[in-house]
Structures are given as C-alpha cells and as structure tokens.
Amino acid sequence: MKNIVVLVSGSGTNLQRIIDTIENGEIRDAEISLVVADRECYGLERAKNQHIEHLLIPRGRNFSSELGRVIPENTDLIVLAGFLSILKPEFCEKWNGKIINIHPALLPKFGGKGMWGHHVHHAVIEAGEKESGATVHFVTSGIDEGEAILQKSFTVTQDDTPETLAEKVHLIEYEIFPKAINKVLNNVSI
Ligand code: GAR
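Thresholds applied
Residues numbered from 1 in each chain as written. Predicted model: local features only at pLDDT ≥ 70, side-chain atom pairs only at ≥ 80, totals over all residues. Heavy atoms only, no water. Helix = DSSP H or I, 4+ residues; strand = E, 2+ residues; numbered from the N terminus. Buried < 20%, exposed > 50% of the residue type's maximum accessible area, 1.4 Å probe, protein only. Contact = heavy atoms within 4.5 Å. Axes fitted to C-alpha atoms, helices over the stretch in contact; angles between N-to-C directions. Parallel < 35°, antiparallel > 145°, perpendicular 65-115°, else oblique. Nonpolar A, V, L, I, M, F, W, Y, C, P; charged D, E, K, R; others polar. Pairing = 2+ DSSP bridges.

Draft legend 1. How the structure looks around the overall build of the chain. In terms of helices and strands, the chain carries six helices and seven strands. Going from N to C terminus, the chain has its helices and strands arranged as β-α-β-α-β-α-β-α-β-α-β-β-α. Reported as C-alpha extents along the three principal axes, the dimensions of the chain are approximately 45 × 40 × 30 Å. Buried residues in the chain amount to 48% of all 190 residues. A fraction of 64% describes how many contacts in the chain between residues 6 or more apart in sequence connect residues 24 or more apart.

Written out as structure tokens, the structure is:
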C-alpha cells in the first residue's frame with residue numbers, strides 16, 4: 001500500500017476526487033495518510049469528515065520545516081491539490097520526484113509566482129487565449145517549472161469568463177489528476 005500526503009489551501013474538491021478515486025480503485029493500492037492545510041479551509045473539513053488524519057500548519061516562513069517534521073518518512077507521494085504556499089528548495093530537493101502539483105493552466109503558459117486560481121483564469125481571458133486546460137507536474141524549486149506528467153486542454157469560447165473557465169478547468173482536473181497520481185505511484189501508463 002502506497003502512502004500519500006495531500007496539501008490543501010482551499011475548498012478541496014480535488015482532494016475529494018482523490019479520496020473518491022482511491023475508494024473506487026481508479027487510483028490503485030494507495031491511501032491518504034495525512035492531509036495538511038496551510039490555512040483554515042474546507043479541504044481540512046473534508047479530511048475530518050472522511051476520518052483522515054489532518055493538521056493545520058499556518059503558512060509563513062516556517063511552513064516547509066514544520067511540514068518536513070510531520071511528513072512520515074515512508075511517504076510515497078506528496079500531492080499539492082489547490083495548495084498555495086511555496087515550498088522551500090531544501091524541501092523540494094529532499095522529496096525530489098515525489099511531489100506533484102495540479103495547475104489550472106497549460107504550463108509553461110500562465111505559471112509562476114502569483115499565478116494561481118482566479119488570477120490564472122483572468123490572465124487567460126485578458127490574453128485572448130484560444131485554449132486553456134490543466135497540468136499535473138512534478139514540483140521542483142522553480143515555481144511551476146517541473147516536468148509535466150499529464151496535461152489536457154479545452155477550447156476557450158467568446159462567452160467564457162474567469163468563472164466559467166474555473167469550472168471547465170476543474171472538470172479537466174478531476175479527469176487527469178487521478179490518472180497522473182496512478183501513473184507516478186503505480187507506473188500505470190496513461
Ligand atoms: C484548482 O483549480 C487548482 O488547479 C488550483 O486551485 C484550485 C483548487 O481547487 N491550484 C493553483 O492555482 C495552484 N497554483 P480545489 O480546492 O477545489 O481542489
């Protein structure tokens with residue numbers, strides 16, 4: 001059985017999807033050993049509701065070192081599911097190849113500092129992009145720069161707003177995140 005630690009900052013619908021796809025077998029042979037939030041958020045409630053061990057480490061300078069202390073050494077994968085703090089380089093190096101993130105755009109476009117959630121969707125509309133999507137990628141010390149694992153796009157229409165993009169991106173995320181996790185954890189081809 002593989003152990004996953006999930007980091008969240010928000011509503012946690014991607015966390016919920018991971019919980020559900022572990023349960024239905026789409027993600028094979030895995031369990032969530034711990035959910036960590038960097039702020040009060042509904043993601044933490046979801047963990048509580050599912051009786052998954054969870055804890056809050058307030059965001060800030062000491063977040064990565066505190067996180068380093070609580071993550072079990074036998075962790076196979078650290079999954080950033082709508083997680084908004086930047087992890088320190090030392091943390092990323094220690095867990096190199098074992099941290100993945102989901103990003104609400106087609107990286108390398110619309111990534112980097114300040115590019116998260118609705119900011120991304122606003123920027124995509126402003127730039128008049130013809131498509132958007134989501135990317136699951138490895139986490140390295142360069143923000144949103146790690147190798148992509150899985151990416152899927154959709155067409156942006158004239159009527160789209162940042163809100164409709166957020167909804168469409170979420171649907172893509174629910175599709176590709178379990179596949180990417182299964183691929184990294186169990187070497188399952190996509
Ligand atoms: C997701 O769209 C995720 O890609 C994004 O936050 C949302 C979280 O939704 N993450 C980032 O912007 C990180 N740069 P959720 O809390 O419902 O899973």
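On we go from here.
Draft legend 2. Seen up close, the packing of helix α1 (residues 13–23) against helix α2 (residues 42–49). At a minimum axis distance of 9 Å, the contact between α1 and α2 shows a crossing angle of 25°. When the interaxial angle is binned, α1 and α2 end up roughly parallel. Across the interface between the two elements, T13, L15 and Q16 from α1 touch G43, R46 and A47 from α2. When the residues that make up the contact of α1 with α2 are grouped by side-chain class, the tally is two nonpolar, three polar and one charged.

Draft legend 3. How the structure looks around the pairing of strand β6 (residues 131–138). With respect to burial, β6 is a largely interior element, six of its eight residues being buried. For strand β5 (residues 99–103) and β6, the ladder comprises four bridges, and the chain directions are antiparallel. Bridging across to β6, H103 finds its partner in T135. Pairing geometry for β6 and strand β7 (residues 148–155), over seven bridges, is antiparallel. Counted as the bridge partner of T135 is Q151 from β7.

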